[in-house]
Amino acid sequence: MIPTAEDRPTLTVPEAAAALGVSAASLYRALAAGDAPVPHLRVGSRILICTRDLRAVLGLDNLAPADEPEATIHELRAAP
């Protein structure tokens, strides 16, 4: 089961890979090549996947238009 973004805002590459049904090595390669289905955030040497983005790619969250979305990985990158 993939946690909600409220429970865990980010996931490790191995956790995200398991949710996507691929190996961690495959996801690391896709991230390095820019071919990953989800954006990532690099914090030092760690690579993190935004739970919200992963759940959206997998079609697990259907937000109503009135819902306030939380920050996506793209917004986090743009923050000073």
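Predicted model only: the values in this text are computed from it and were never measured.

Cut-offs and rules
- Residues numbered from 1 in each chain as written.
- Predicted model: local features only at pLDDT ≥ 70, side-chain atom pairs only at ≥ 80, totals over all residues.
- Heavy atoms only, no water.
- Helix = DSSP H or I, 4+ residues; strand = E, 2+ residues; numbered from the N terminus.
- Buried < 20%, exposed > 50% of the residue type's maximum accessible area, 1.4 Å probe, protein only.
- Contact = heavy atoms within 4.5 Å.
- Areas by Shrake-Rupley, 256 points an atom, 1.4 Å probe, with all protein chains shown as cover.
- Arc of directions from axis to C-beta.

Right, let's talk about the overall build of the protein chain for a bit. Tallying secondary structure elements over the protein chain gives four helices and three strands in all. Going from N to C terminus, the protein chain has its helices and strands arranged as β-α-α-β-β-α-α. Burial status across the protein chain gives 26% buried among its 80 residues. Sequence separation of at least 24 residues holds for 47% of the intrachain contacts in the protein chain that already meet a minimum separation of 6. Surface accessibility of the protein chain: about 5200 Å² in total, with carbon and sulfur atoms responsible for 55%.

Let us look at helix α2 (residues 24-33). Among all positions in α2, only L27, A30 and L31 are buried. All buried residues of α2 project into a common sector of 100° when viewed along the axis, lining one side. Along α2, exposed side chains directed more than 90 degrees from the buried face belong to R29, A32 and A33. Those residues of α2 that are buried lie in contact with α1 (13-20), β2 (40-43) and β3 (46-50).

We now examine the environment of T10. Mapped onto the elements, T10 comes out in strand β1 (residues 10-12). Considered as a pair, T10 and L48 are 38 residues apart in the sequence and their alpha carbons are 5.9 Å apart. Apart from residues lying up to four places away in sequence, T10 is in contact with L48, I49, C50 and T51.

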